[in-house]
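For reference, the chains in residue letters:
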Amino acid sequence: MIKTHKGFFMHKTKCAPCAMTGRRAFTFIELMLVVVLVSFIAVLSAPRMRSAFNNLEVYNFANKVASLMRYAQSKAIAELKKVYLIYKPPLDKKRGSFYLAEDVIGENDMEGRYNLTVPVTININFKPSESNNAIAFNTDGGINGPQVIVYNNKRKFQLRAGGGIGRVEVTEFFN
């Protein structure tokens, strides 16, 4: 019997493996079993994690485009110049991109400063589809142009500007 610091008595006992070696530790087999179980769980959850990442990527990109639309609208109002948000579709397996231009499309492009490259896993469409790939932001806060559809194989978002200055709605479509 061992007396503790508070005056209590305890029996000193040892388990069978500890009695032989005199110390407590995990065996190699127990450690390997834990490693195998953790690896198995990681392998099973990896596809779901990738799917969740792709869904998050399309959501974040839709919000980035909405933010660029809000910025274009505020720039048009503040500088009293018409600003265009232009989508340049992908050419030769490259990724497409959004950029801003002032006044006339093709002149005074701000492509280098306000460029938003579309990730490979994301697709872009416009509604109505026969429209050009530009949205015009007027000096009075008005917006002329198509709605933007941002989607991948699982999720689809529609970006619609209107209802007030700086208001861009990001709405998710459910298939």
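Each remark here, short or long, concerns the structure printed above.
Computed from a predicted structure; not experimentally measured.

A. Quick peek at the environment of A134. Here A134 shows up in strand β7 (residues 134–137). With relative accessibility at 10%, the residue A134 sits in the buried group. Between the C-alpha atom of A134 and that of I86, which follows or precedes it by 48 residues, the distance is 4.3 Å.

B. Quick peek at the sheet that holds strand β5 (residues 116–117). The five strands lie next to each other as β5-β4-β3-β7-β8, forming an open sheet whose pairing is antiparallel. Bordering the open sheet on either side are β5 and β8 (143–144), each of which pairs with just one other strand.

C. The packing of aromatic side chains, seen in detail. This structure, assessed with the given rule, holds five aromatic pairs. Aromatic side chains Y87 and F98 sit 5.0 Å apart centroid to centroid with 45 degrees between the ring planes, which places their arrangement in the tilted category. Taken together, the residues Y87 in strand β3 (residues 83–88) and F98 in strand β4 (residues 97–102) connect sequence positions 11 residues apart. Judged on exposure class, the residue Y87 and its partner F98 are both buried. Among the aromatic residues, those joined into a cluster by ring pairs are F61, Y87, F98 and F126. The positively charged end of K156 is found above the aromatic ring belonging to Y151, 5.8 Å away from the centroid.

Thresholds applied
- Residues numbered from 1 in each chain as written.
- Predicted model: local features only at pLDDT ≥ 70, side-chain atom pairs only at ≥ 80, totals over all residues.
- Heavy atoms only, no water.
- Helix = DSSP H or I, 4+ residues; strand = E, 2+ residues; numbered from the N terminus.
- Buried < 20%, exposed > 50% of the residue type's maximum accessible area, 1.4 Å probe, protein only.
- Pairing = 2+ DSSP bridges.
- Phe/Tyr/Trp six-rings, centres within 6.5 Å; stacked < 30°, edge-to-face > 60°.
- Lys NZ or Arg CZ within 6 Å of the ring centre and 35° of its normal.

Interpretation note: all reported values are geometric properties and have no functional meaning in isolation.
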